[in-house]
Amino acid sequence: MPEAPQHEVIVIGAGFAGICMAIRLRKAGLRDFVILERADDIGGTWRDNRYPGVAVDIPSVTYQFSFAQNGNWRRVFAKGAEVKEYADSLVAEHGLRPHVRLGQDVVSAEFDARRHCWLVRTAAGDEFTARFLVSAHGVFGKASTPDIEGVGEFAGRTVHTLHWDQDYAPEGERVAVIGTGASSVQLVPELAREVERLDVYQRTPIWVMPRPDVKLSPRARKVLDRFAPARWASRGLVSTGIELAMWLGVTNYTRLPFLTKRIEKLSLRHLRQQVSDPGLRERLKPGYDFGCKRPALSNHYWSAFEKRNVELVTDRIKRVHPHAIETADGTVREIDTLVLATGFKFFEYDSVPGYAVRGEDGVDLRDWWAENRFQAYEGITVPGFPNLFLIPGPHFATSWSWLVMAENQTAHALRCITHARAQGATYVGIRRPAHDRFYRAMRRGHRKSLFTSASCADSNTYYLDRHGEPSIVRPQSSAKVWWRARHFPLADYEWRHPVPDRPKQPGITASNRLS
Ligand code: NAP
């Protein structure tokens with residue numbers, strides 16, 4: 001029998017997806033797993049993103065696992081620190097700490113086709129082997145730095161929203177923010193309150209909706225904490241609302257295009273309420289359909305531009321100087337600090353996952369995707385990469401909460417792992433026809449989605465990949481995705497059993513030589 005790997009499962013990443021996988025493994029009675037985490041703490045995106053104003057963008061009741069509902073959220077939209085506390089509490093309550101190996105930055109994973117296992121190498125030179133590999137890499141792990149001339153030569157402080165310097169005090173400074181995505185929407189109002197001058201460089205405007213955020217009263221928290229039906233009811237109500245908006249407005253856009261227009265009207269009304277200057281309003285107004293790019297929720301972003309110390313800059317940045325930014329019209333604005341709110345490397349060649357993954361026959365996943373376009377069966381498995389579960393792979397994004405998506409994907413992975421163990425199989429590989437059928441269904445579904453709108457193509461949206469395909473989007477309802485994660489046909493996978501090592505052929509010795 002080939003030599004057994006060190007562990008049954010390796011989980012890469014201790015963000016919410018990795019935590020969810022680990023909880024599921026333990027609940028299934030599987031204890032032989034390790035979680036490799038490159039940082040010195042758990043929590044993923046909520047450990048890293050600590051810029052002023054960071055918070056969830058959907059109500060907290062939906063930004064939690066169904067099996068671990070926190071009844072004690074302090075606000076309707078929890079702040080980042082509270083979400084990180086939630087992650088910490090899950091790790092503590094479910095006894096995950098002993099499984100976590102911090103400071104293990106994975107650089108490669110290779111499938112051993114003879115032993116049916118994965119060999120994972122880390123930057124520190126350590127090696128781990130396991131039968132199954134769950135790569136819970138998330139999508140917001142690598143900061144994207146703009147390719148603007150001179151950006152690396154800025155002599156003052158440069159800070160990316162992903163790596164916010166907790167000791168930085170912006171009071172009284174002249175600050176420039178490049179980027180107007182969801183992070184910028186949360187950060188700008190906070191900076192505007194403190195700095196002497198704030199220049200916000202906008203390339204593409206963002207749609208913004210009002211944020212119905214309030215502190216939860218002690219009484220409301222008590223009810224949510226004590227009565228599970230109250231938690232489920234509030235979660236169900238919010239989820240249904242978001243699901244309907246996404247399902248009708250995004251997934252079935254071509255059938256109901258007027259819905260998107262109605263939502264745009266609500267957002268434009270919000271803009272009128274926030275900004276009195278019609279010229280400024282015009283420059284802040286997006287020129288693409290609502291939903292082509294990730295919209296944001298804020299009651300203070302648009303109004304920040306009416307403050308005397310805040311300027312919206314829409315001229316193209318020509319270059320960054322050691323102490324200033326110059327725009328194409330020749331204006332030079334001096335600054336002390338440059339904030340890059342320029343997002344993440346999202347499903348680029350080497351970003352998701354951010355390490356080399358070599359499957360059967362030594363094929364590199366990045367090259368496989370480059371050749372075949374981004375695709376993964378049920379958003380999680382890829383032909384030629386057995387025993388590997390990507391959380392997420394392409395076509396992962398359904399509707400609302402990242403945590404709900406993680407629950408579905410980990411349910412799929414767990415079903416494969418437990419079935420393999422029950423059958424004594426050591427190889428679980430998605431069959432090409434099943435995978436191709438899923439991919440064709442995704443492409444068919446995309447044809448009625450919002451992303452067919454011509455305006456999306458011009459919106460610089462990361463929902464569209466370099467082929468112009470919304471390859472992260474799964475155009476199906478959450479209910480269907482939930483069901484499929486737990487009931488996909490097991491026959492879609494190939495289950496192989498260990499091949500015993502062939503006994504060594506006895507050599508010809510003096511005693512067995514034919515005389
Ligand atoms: P983002 O949405 O990718 O936005 C990046 C911004 O930087 C865009 O405005 C982009 O302009 C601009 N930019 C990039 N390169 C540029 C260049 N060379 N010159 C000028 N501008 C440039 O990134 P993000 O705001 O960090 O948000 C990323 C994602 O994180 C969100 O979509 C969301 O899923 C998640 N997020 C979630 C929350 C939450 O739930 N609370 C909060 C923040 C972020 P263009 O638009 O023209 O490309």
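### Things to note about the sheet that holds strand S13 (residues 317-321)
Working step 1: Pairing is antiparallel across the open sheet formed by three strands, whose spatial order is S13-S14-S15. Looking at strand neighbours, the two that pair on one side only are S13 and strand S15 (332-334), the edges of this open sheet. Averaged over all pairs of adjacent strands, the angle between strand axes in this sheet comes to 20°, irrespective of strand direction.
Working step 2: Relative to strand S14 (residues 324-327), S13 is paired through four bridges, and the arrangement is antiparallel. Bridge pairing in S14 links Arg319 to Glu326.

### Some remarks on the side chain of Thr180
Working step 1: Tracing the backbone shows Thr180 in the loop between strand S8 (174-178) and helix H4 (182-194).
Working step 2: One polar contact links the side chain of Thr180 to the main-chain carbonyl oxygen of Thr204, over a distance of 3.0 Å.
Working step 3: Residues contacting Thr180, with those up to four places away along its chain left out, are Val200, Tyr201, Gln202, Thr204, Ile206 and Tyr301.

### Quick notes on the domain arrangement of the chain
Working step 1: Taken domain by domain, the chain holds domain 1 (7-142 + 346-433 + 464-496) and domain 2 (151-207 + 254-288 + 290-340).
Working step 2: Using only C-alpha atoms to locate each centre, domain 1 and domain 2 end up separated by 32 Å.
Working step 3: At the interface, 14 residues of domain 1 touch twelve residues of domain 2.
Working step 4: Buried area between domain 1 and domain 2, summed over both chains or domains, comes out near 1100 Å², and the portion from carbon and sulfur atoms is 51%.
Working step 5: The three residues of domain 1 that bury the most area against domain 2 are Tyr51, Pro52 and Asp57, which together make up 55% of that side's buried surface.
Working step 6: One can count one salt bridge joining domain 1 with domain 2.
Working step 7: A salt bridge links Arg294 to Asp57, with the nearest nitrogen and oxygen atoms 3.0 Å apart.
Working step 8: In this structure, the connection of domain 1 to domain 2 is made through five residue pairs in polar contact (both at pLDDT 80 or more).
Working step 9: Classifying every residue of the side of domain 1 that touches domain 2 gives seven nonpolar, three polar and four charged.

### Side note on the packing of helix H5 (residues 218-226) against helix H6 (residues 228-251)
Working step 1: The contact between H5 and H6 brings their axes to 5 Å, and the two run at 105°. By the angle class used here, H5 and H6 are roughly perpendicular. Contacts between H5 and H6 involve Val223, Leu224, Asp225 and Arg226 from the former and Ala228, Ala230, Arg231 and Ser234 from the latter.
Working step 2: Here the contact of H5 with H6 is built from residues that sort into four nonpolar, one polar and three charged.

### Things to note about the environment of Arg262
Working step 1: Relative to the helices and strands, Arg262 resides in helix H7 (residues 257-274).
Working step 2: Sequence separation of Arg262 and Phe290 is 28 residues, and the distance between their C-alpha atoms is 9.6 Å.

### Brief notes about the site of the ligand
Working step 1: Ala55, Ser183, Thr204, Lys293 and Tyr462 are the nearest of the 25 residues found near the ligand.
Working step 2: The separation between an oxygen atom of the ligand and a polar side-chain atom of Arg294 is 3.2 Å.
Working step 3: Asn460 has a polar side-chain atom sitting 2.8 Å from an oxygen atom of the ligand.
Working step 4: In the complex, the protein chains occlude 85% of the 910 Å² of accessible area that the ligand would expose alone.
Working step 5: Here the shell around the ligand takes three residues from H4, the largest share from any one element.
Working step 6: The residue makeup of the shell around the ligand, split by class, is eleven nonpolar, nine polar and five charged.
Working step 7: Inspection of the shell around the ligand shows a minimum of three residues originating in each of domain 1 (7-142 + 346-433 + 464-496) and domain 2 (151-207 + 254-288 + 290-340).

### Some thoughts on the nonpolar core
Working step 1: In terms of nonpolar packing, the biggest core is built from 130 residues, with Phe16 and Leu198 touching the most fellow members.
Working step 2: The leading source of residues in this core is helix H11 (residues 402-423), at nine residues.
Working step 3: Residue contributions to this core reach at least three from each of two domains, namely domain 1 (7-142 + 346-433 + 464-496) and domain 2 (151-207 + 254-288 + 290-340).
Working step 4: Aside from chain neighbours lying at most four places away, what touches Phe16 is Trp46, Tyr63, Phe65, Val83, Tyr86, Ala87, Leu90, Trp402 and Leu403.
Working step 5: Listed in part, the 13 residues of the second largest apolar core include Phe154, Ile178, Ile335 and Leu338.

### Comments concerning the pairing of strand S19 (residues 427-430)
Working step 1: Side chains Tyr427 and Gly429 of S19 all project onto a buried face; the interleaved residues Val428 and Ile430 project onto the opposite face, where all are buried too.
Working step 2: Sheet topology note: the S19/strand S20 (residues 493-496) ladder contains four bridges and is antiparallel. Paired with Ile430 across the bridge in S20 is Tyr493.

### Some points on the sheet that holds strand S7 (residues 157-160)
Working step 1: Strand order in this open sheet of five strands is S7-S16-S8-S9-S12, and the pairing throughout is parallel. The sheet terminates laterally at S7 and strand S12 (310-313), the two strands that pair on one side only. Along the sheet, successive strands turn relative to each other by an average axial angle of 20°, direction set aside.
Working step 2: Here S8 runs beside strand S16 (residues 337-340); their pairing, made up of four bridges, is parallel. Paired with Val175 across the two strands is Thr337, which belongs to S16.

### Examining the pattern of salt bridges
Working step 1: A complete count under the given rule lists 32 salt bridges for this structure.
Working step 2: When the shortest N-O distance is used, the salt bridge between Arg47 and Glu37 registers 3.0 Å. Highlighted residues: Arg47 in helix H2 (residues 45-48) and Glu37 in the loop between strand S2 (33-36) and H2, separated in sequence by ten residues. You'll find Arg47 and Glu37 in the same group, each marked buried.

### As for the side chain of Ser184
Working step 1: Positionally, Ser184 belongs in helix H4.
Working step 2: Residue Ser184 is classed as buried on the basis of its relative accessible area, which comes to 0%.
Working step 3: Not counting chain neighbours up to four residues away, the residues in contact with Ser184 comprise Val177, Gly179, Pro189, Tyr301 and Ala341.

Cut-off values and rules
Residues numbered from 1 in each chain as written. Predicted model: local features only at pLDDT ≥ 70, side-chain atom pairs only at ≥ 80, totals over all residues. Heavy atoms only, no water. Pairing = 2+ DSSP bridges. Helix = DSSP H or I, 4+ residues; strand = E, 2+ residues; numbered from the N terminus. Axes fitted to C-alpha atoms, helices over the stretch in contact; angles between N-to-C directions. Polar contact = N/O pair within 3.5 Å; in protein donor to acceptor, adjacent residues only side chain to side chain. Contact = heavy atoms within 4.5 Å. Domains from an automatic or database assignment. Buried area = accessible area lost by both parts, 1.4 Å probe. Salt bridge = Lys/Arg side-chain N within 4 Å of Asp/Glu carboxyl O. Nonpolar A, V, L, I, M, F, W, Y, C, P; charged D, E, K, R; others polar. Parallel < 35°, antiparallel > 145°, perpendicular 65-115°, else oblique. Near = heavy atom within 4 Å. Areas by Shrake-Rupley, 256 points an atom, 1.4 Å probe, with all protein chains shown as cover. Core = buried A, V, L, I, M, F, W, Y, C linked by side-chain atoms within 4.5 Å. Buried < 20%, exposed > 50% of the residue type's maximum accessible area, 1.4 Å probe, protein only.

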